[in-house]
Amino acid sequence: MAVLQTQKIHICALKKNRKQILEELQRTGRVQIEPGGQEDEIFRHMDTANACGVFEKRAQNAETALKVLETYSPEKKSALSALEGKKTISPGEYEKEVQERDEILKAVGEILTLQKSVGEARSSQVRAENAIESLAPWMGLDIPMNSGGTKTTAVLIGSVPGRWTLEQLMPALAEARSDLGPYCMEILGADKDQTCLFAAVPRENAPALEDALRVNGFVRPSITCGTIPREYAAELEKQKAEAVQAEQEAVQGIRALADKREKIRFAADYYRMRAEKYKVLGGLLQSGHVFFVDGFVPASEAEGIRKRLEEKYTCHVELQEVPEDEDAPVLLKNNSFAEPTESVVEAFGLPQKGEIDPTSVMAFFYYFLFGLMLSDAGYGILMVIVCAVAVKKFPNMDAGLKKMLRMFFYCGISTVFWGVMFGGYFGDVIPVVASTFFHKEVVVPAVWFAPLDDPMKLLMFSFLFGIIHLFVGLGAKGYMLVKSRDWMGFFSNVLCWYALLAGLILMLLPSDMFASMAGVTIVFPAWVGALAKWISIISAVCIVIFSETGTKNIAARIALGAYDLYGVSGWLSDVLSYSRLLALGLATGVIGTVINTMGSMLGDSIIGFILFWVIFIVGHLLNMAINLLGAYVHTNRLQFVEFFGKFYEGGGRPFRPFSAASNKYFKFKEEE
């Protein structure tokens, strides 16, 4: 339960070592570099926009080349390949790969060129196919499509819309023009959309015939060629075949470069790293001979980084405590039990200055409440096994994913615990299987009680667990107030609230309303009730008077104090929110029981046995998935709204070191 202390680091080094120092910082990934200060006559910022653009373009080209390889030469991957994580590479291996970057860029260029050739070949095929299709109605023509006729005879080649016969078309032409004169016409082909025709006419009568045709929608063909259509179609078929051959050769060329895939991945990450490095470089102050780096570093690692840099390079490294008035970036440090839930805290917001890291306290309640909502030992065992095997089998998986799996591992343990306490093992599968297939009555007793038999008991305990959860949150607020020596705030905003809530609870317990809900009657001596009443009254008065002591105006202070007291209604709604523990816990058990009942409907038979296990597997997988998601969402809500609402605001600046974290394909091996 700690925010890792950071220190400020200032590095002054020779400019000739700039590349090596920045790459060293990037590989170690433990220094957050801050932009440099104001420029002056000597120290200025370097314009790195063009260099960043070049490196980003190269990284993008490498990614495009990888997509091309995946298209034409897919890599065989297992279903769980996403869990494998990034490849680990040592600094020595990194330097070796860097020496081959020109060769890798050449391979990337070849792949992109071949991909362009594939695109051009496919376009040529499409154009040839479209042209051949357009030529189909004209295949009966024995003269070139662009033929104009002879010296005395004009040729008209084209089409009119719709399906026509000569018997229909010639009267229509005569109606359009009465001065047509002699002509010869042949219909080459017709369908519902168009009629293709050829006409030969004395050249002096050609304008009249064309005019009559245009009245009926005549248009010249879009394809014009100097050969007859059959010969042109054969030429197009040859072009298409050549384009297919070109495509195949280009694809083969791409596949031949598939062995460069790993090196291209390295290139993509390498140029991403260089782009990041130059972005950082643009924010540093530098002169003609030296440059400065300012940033933050974890205090526990600061001295080691200083020694390593000063031993390897000509530089001076100065470490400095972060001033009180400056907000340092936040880096969390927790034990292996609490660390997996850091992502939950980060999703809400990291602690700001003066706040505690709530991860450790929250982790216990997170696992506790998650298991209570899912509350089936069978589901919990599956979660534990799957998460443990995945983490063990894939040690290089993404750090965030590994944290999540570890979190669900502990949630699974909690789910097993509550499943045993409530007697839930895949719903009621053990009694159902025993009675259906073995004709025996087997009862698996709950260690504590079965919620389906006594839901009100679970509701009462849900409220109890909620009150404990909220009281711990109020206690965390008290800890922060004591740590900051705000004694009046601790008295009015913590102790008085504890007293007020305790008094109200003592007044509620002997009431008829509580007795009807809990099914048990509690009787206190009269003096206990009176004491609870006066504790509540005195606490309420103290909250009204002292909770806003920072306000000088008495009337305003009382008004604000009264508004703070109104927050007791919020406590009521917060406690009622924990009824979701009952709702989700019952939902898991009820749905599981229904699934088992459906599976056993055909009784003790071969078909019934097969049906049972099909329904059992499919039904419980769906039930587990749905309720696991529900438990995750509502557990987060109880932390974010109810628990954090009592003491925690968040909003701290995350520690974002200059590192290779943006790499997609490899990570650096930890230095020993």
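In the block above lies the structure referred to throughout.
Let us look at the structure shown here. Keep in mind that this is a model prediction, so the values were computed, not measured.

Rules and cut-offs
- Residues numbered from 1 in each chain as written.
- Predicted model: local features only at pLDDT ≥ 70, side-chain atom pairs only at ≥ 80, totals over all residues.
- Heavy atoms only, no water.
- Phe/Tyr/Trp six-rings, centres within 6.5 Å; stacked < 30°, edge-to-face > 60°.
- Helix = DSSP H or I, 4+ residues; strand = E, 2+ residues; numbered from the N terminus.
- Buried < 20%, exposed > 50% of the residue type's maximum accessible area, 1.4 Å probe, protein only.
- Lys NZ or Arg CZ within 6 Å of the ring centre and 35° of its normal.
- Expected span 1.5 Å × (residues − 1).
- Salt bridge = Lys/Arg side-chain N within 4 Å of Asp/Glu carboxyl O.
- Axes fitted to C-alpha atoms, helices over the stretch in contact; angles between N-to-C directions.
- Parallel < 35°, antiparallel > 145°, perpendicular 65-115°, else oblique.
- Left-handed = near helix turned anticlockwise from the far one by under 90°.
- Contact = heavy atoms within 4.5 Å.
- Nonpolar A, V, L, I, M, F, W, Y, C, P; charged D, E, K, R; others polar.

## Comments concerning the packing of aromatic side chains
- Across all of its chains, the model carries 52 aromatic pairs by this definition.
- For the pair Phe368 and Trp418, a centre-to-centre distance of 5.2 Å together with 85 degrees between the ring planes defines the contact as edge-to-face. Here Phe368 is found in helix H11 (residues 359-374), whereas its partner Trp418 is found in helix H13 (residues 399-422), with 50 residues between them in sequence.
- With a centroid separation of 5.2 Å and 75 degrees between ring planes, the pair formed by Phe417 and Trp418 is classed as edge-to-face.
- For Trp418, a relative accessible area of 3% puts it in the buried group.
- When the ring centre of Phe394 is taken as origin, the NZ or CZ atom of Lys393, which lies over that ring, is 5.9 Å away.
- The residue whose ring lies beneath Lys646 is Trp571, and the NZ or CZ to ring-centre distance is 4.8 Å.

## Regarding helix H15 (residues 455-483)
- Here H15 is 29 residues long and its end C-alpha atoms lie 42 Å apart, about the 42 Å a rise of 1.5 Å per residue gives.
- Count one or two residues on from H15 and you reach Arg485, which has phi positive near 60 degrees.

## Notes on the pattern of salt bridges
- On inspection of all chains with the given rule, the structure shows 33 salt bridges.
- Close ionic contact of Arg44 with Glu39 constitutes a salt bridge, the shortest N to O distance being 3.9 Å.
- Judged by its relative accessible area of 43%, Arg44 is partly exposed.
- Judged by relative accessible area, which is 39%, Glu39 ranks as partly exposed.
- Of the charged contacts in the structure, one is a salt bridge between Asp269 and Arg272, with a shortest N-O distance of 2.7 Å. Linking Asp269 with Arg272, this pair stays in helix H8 (residues 261-281), spanning three residues, or about one helical turn.
- Residue class for Arg272 comes out buried when judged on its relative accessible area of 18%.
- Several salt bridges share partner residues, and in doing so they unite Glu24, Arg27, Glu95, Arg308 and Lys312 into one network.

## Overview of the packing of H15 against helix H21 (residues 580-599)
- Axis separation between H15 and H21 bottoms out at 8 Å; the angle between their running directions is 140 degrees. Relative to H21, H15 is oriented oblique. Between H15 and H21 lies a crossing whose hand is right-handed. Between H15 and H21, the residues in contact are Pro455, Leu458, Leu459 and Ser462 and Leu581, Leu582 and Leu586, respectively.
- Among the residues forming the contact of H15 with H21, the class breakdown is six nonpolar, one polar and no charged.

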